[in-house]
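Descriptive structure summary
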Amino acid sequence: MTDYDLVIRGGSVVSATDVTECDVAIKDGRIVALGRDFADGADTIDATGKWILPGGIDSHCHIEQESSMGVWTADDFCSGTVAAACGGTTTIIPFAAQYKGQSLRRVVQDYHARAEAKAVIDYAFHLIISDPTAAVLGQELPALIKDGYTSFKIYTTYESLKLDDRQILEVLAVARREGAMVMVHAENHDIIAWLSERLLAAGHAAPKYHGVAHAAVAEREATHRAISLAEIVDVPLLIVHVSGHEAIEQIRWAQSKGLRVYGETCPQYLFLTAADMDQPGFAGAMCMCSPPPRDKANQEAVWRGLQSRVFQVFSSDHAPYRYDDPEGKLRAGDRTTFKTVANGVPGIELRLPLLFSEGVMKGRISMSHFVELTATNAAKLYGLYPRKGTIAVGADADIAIWDQSRETTVTLDLLHENMDYTPYEGMTLQGWPTTVISRGEVIVDDGDVAASRGRGQFLPCDLPEPARPAAGPRWAATDGFDPTGNR
Ligand code: DUC
Ligand code: ZN
Ligand code: ZN
């Protein structure tokens, strides 16, 4: 009789700090021992010559969500989580998105109903707050934080989502009082609206003008403003989907002042440029997202930001809208302009293979840094650590076994996203997650998906590490004045 359900032998186990040659023993969905010479489990995997990594956490993805323009993402919780799993991700944190007039609690219930019967891997939810009424701030949000929704995203742009500075301060104050994490989409709305109007008036409607309208300065200004508002309230802040050096400089500046400011970037800022939006006809729409991909020099700046740890998180911002589809990017037909195209690119499946190939295999980041960026830091920042994001005794057995000798040329056919294109078509990637395990169950084995619909579980989140009351320097005013009402 064996003690273990599964033993993984002979691989190199990677954490955010170490690489250790050891075996992994799993029972009842958890890692129960790390060591050598374990008896065989009920199942045993020979991982000789392979890397044993924590399954990725994709902490920014839009699944079964209606965009602010009324377009639905192409992936639901089944196709989205299958695609995630096939790319080595075992946990996702998509959004439960509130639109004006909606009850946040009701929104969360709706997203649970979407995910419950379909998700094949575990999931938590961030909240998107677009209507911070007194009831939302005073009752719904505090109650939801207690129930495990401990992070929320706010916007400085998009007509139906944007908050003004006063509203942002109110949301930040609740986050501080309750110990939650705020993520911000930082772009100056009026700059974008003004530039867009002038571009369209001059007849510049093609996708490449999206990159002109969403100027890097607009991102820089809103990033700095959001940091300043968080500084006033003395609360941690995470700037999401950072596209280039203008915003990076603001984040680095804040970090150098000792502010609890964190940064996230995504594959589109490392592997696409503005030139990808400049294709014949409207094909450039396939690479349109906000903020937009910028130039080569900015790509290099984003790589350096990863290497120097200005960024803590590498997520996909998977926002899949099909291209050649009446409900997709070109749904405005003859009236299509860069303003009518839904913003977003797919990336949930290739997020990890892209960074593994071009980051680790090309020597830009270490294997441990890869784990930190793709799993461990997200778990810590969003209150899932140490259950998720690491290979340690007691953690969920969420593991991806990577074969660095596997070379793959990306084609749409290979992918499980419910999409009609991938922006990364034709790229040759070195290294692939050949076996993916979720809570001890092999759900992907050499391309075969063995995960049943609905097996994914909801993960209520603890308070994020940087937002817990004991962490970090607190409000610095010397006169004892506390605008958040805490003391
Ligand atoms: N921008 C967003 O803010 N969300 C989804 C995708 C995008 O491009
Ligand atoms: Zn965003
Ligand atoms: Zn997003």
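The structure under discussion appears in the preceding block.
Notes on the structure in this doc start here. These numbers come from a predicted model, not from an experiment.

Parameters and conventions
- Residues numbered from 1 in each chain as written.
- Chains lettered and ligands numbered in written order.
- Predicted model: local features only at pLDDT ≥ 70, side-chain atom pairs only at ≥ 80, totals over all residues.
- Heavy atoms only, no water.
- Helix = DSSP H or I, 4+ residues; strand = E, 2+ residues; numbered from the N terminus.
- Rg over C-alpha atoms; globule rule 2.2 N^0.38 Å.
- Contact = heavy atoms within 4.5 Å.
- Areas by Shrake-Rupley, 256 points an atom, 1.4 Å probe, with all protein chains shown as cover.
- Lys, Arg positive; Asp, Glu negative; His and termini not counted.
- Charge placed at Lys NZ, Arg CZ, Asp CG, Glu CD.
- Donors = N, O, S within 2.8 Å, 3.2 Å for Na, K, Ca; no water.
- Buried < 20%, exposed > 50% of the residue type's maximum accessible area, 1.4 Å probe, protein only.
- Disulfide = S-S within 2.5 Å.
- Axes fitted to C-alpha atoms, helices over the stretch in contact; angles between N-to-C directions.
- Parallel < 35°, antiparallel > 145°, perpendicular 65-115°, else oblique.
- Left-handed = near helix turned anticlockwise from the far one by under 90°.
- Nonpolar A, V, L, I, M, F, W, Y, C, P; charged D, E, K, R; others polar.
- Near = heavy atom within 4 Å.
- Polar contact = N/O pair within 3.5 Å; in protein donor to acceptor, adjacent residues only side chain to side chain.
- Pairing = 2+ DSSP bridges.
- Tetrahedral: all angles 85-135°; square planar, octahedral: opposite > 155°, others 65-115°.
- Phe/Tyr/Trp six-rings, centres within 6.5 Å; stacked < 30°, edge-to-face > 60°.

**Digging into the overall build of the protein**
When helices and strands are tallied, the protein shows 12 helices and 20 strands. Compactness check: the protein gives a C-alpha radius of gyration of 22 Å against a globular reference of 23 Å for 487 residues, within 12% of the reference. The contacts in the protein between residues at least 6 apart in sequence include a share of 77% that link residues at least 24 apart. Surface exposure of the protein reaches about 17700 Å², of which carbon and sulfur atoms provide 50%. With 45 positive and 64 negative side-chain charges, the protein shows a spacing of 5 Å between the two charge centroids.

**Here we look at the coordination of the zinc ion (ligand 3)**
Bound to the zinc ion (ligand 3) on the protein side are His60 (NE2), His62 (NE2) and Asp317 (OD), at distances that span 2.0 to 2.1 Å. Read in sequence order, the donor residues coordinating the zinc ion (ligand 3) give the pattern H-x1-H-x254-D. Here His62 falls in the buried class, since its relative accessible area comes to 7%.

**Things to note about the state of the cysteines**
What the rule picks out here adds up to zero disulfides. In this model Cys266 remains outside any disulfide bridge; the closest cysteine sulfur is found in Cys289, 8.0 Å from its own. Residue classification places Cys266 among the buried residues on the basis of a relative accessible area of 0%. You can see Cys461 has no disulfide; the closest cysteine sulfur is in Cys61, sitting 12 Å from it. Residue Cys461 is classed as buried on the basis of its relative accessible area of 7%.

**Looking at the packing of helix H4 (residues 165–178) against helix H7 (residues 216–233)**
Axis separation between H4 and H7 bottoms out at 9 Å; the angle between their running directions is 45 degrees. The orientation of H4 with respect to H7, classified from their angle, is oblique. Note on packing geometry: the crossing formed by H4 with H7 is right-handed. Here H4 contributes Asp165, Ile168, Leu169, Leu172, Ala173 and Arg176 to the contact with H7, which in turn contributes Arg225, Leu229, Ala230, Ile232 and Val233. Classifying every residue of the contact of H4 with H7 gives eight nonpolar, no polar and three charged.

**Observations regarding the site of ligand 1**
Close to ligand 1 lie His62, Lys153, Tyr155, Tyr158, His185, His241, Cys289, Ser290, Asp317, Ala319, Asn343 and Gly344. For ligand 1, an oxygen atom lies 2.8 Å from a polar atom in the side chain of His185. At a separation of 3.4 Å, an oxygen atom of ligand 1 approaches a polar backbone atom of Gly344. Protein chains shield 95% of the accessible area of ligand 1, which is 240 Å² for the free molecule. In the shell around ligand 1, the residues fall into four nonpolar, six polar and two charged.

**Let's talk about the pairing of strand S1 (residues 6–9)**
Looking along a regular strand, one sees side chains alternate from face to face of the sheet. Note that S1 and strand S6 (residues 43–46) share four bridges and pair parallel. Looking across to S6, one finds that Leu6 is bridged to Asp43. Two elements, S1 and strand S4 (residues 23–27), share three bridges in a ladder whose sense is antiparallel. Bridge assignment links Ile8 to a residue of S4, and that residue is Val24.

**Examining the coordination of the zinc ion (ligand 2)**
Coordination of the zinc ion (ligand 2) by the protein involves Lys153 (NZ), His185 (ND1) and His241 (NE2), with metal-donor separations of 2.1 to 2.2 Å. Each of the four donor atoms bound to the zinc ion (ligand 2) contributes to angles spanning 79 to 133 degrees, and the resulting shape is irregular. The sequence pattern describing where the donors of the zinc ion (ligand 2) fall on their chain is K-x31-H-x55-H. Separating the zinc ion (ligand 2) from the zinc ion (ligand 3) is a gap of 3.6 Å. Of the two residues, Lys153 is situated in strand S12 (residues 151–155) and His185 in strand S13 (residues 181–185); the sequence distance between them amounts to 32 residues. The same class applies to Lys153 and to His185, which are both buried.

**Brief notes about the packing of aromatic side chains**
Where two aromatic rings form a pair, the distance of their centres and the angle of their planes describe that pair. Counted according to the given criterion, the structure contains 13 aromatic pairs. Pairing Tyr4 with Phe38 gives two aromatic rings, centres 5.5 Å apart and planes at 65 degrees, and the pair type is edge-to-face. Taken as a pair, Tyr4 in the segment before S1 and Phe38 in the loop between strand S5 (30–35) and S6 lie far apart in primary sequence, 34 residues in all. For Phe38, a relative accessible area of 15% puts it in the buried group. Ring centres of Phe125 and Phe458 lie 6.2 Å apart, and the angle between their planes is 25 degrees; this geometry places the pair in the stacked category. Taken as a pair, Phe125 in the loop between strand S10 (122–123) and strand S11 (126–128) and Phe458 in the segment after strand S20 (448–449) lie far apart in primary sequence, 333 residues in all. Of the residues examined, Phe125 reaches a relative accessible area of 1% and is grouped as buried. Classification of Phe458 as partly exposed rests on a relative accessible area of 22%. Each residue in the set Phe77, Tyr111, Tyr123, Phe125, Tyr149 and Phe458 is aromatic and connected to the rest through ring pairs, giving one cluster.

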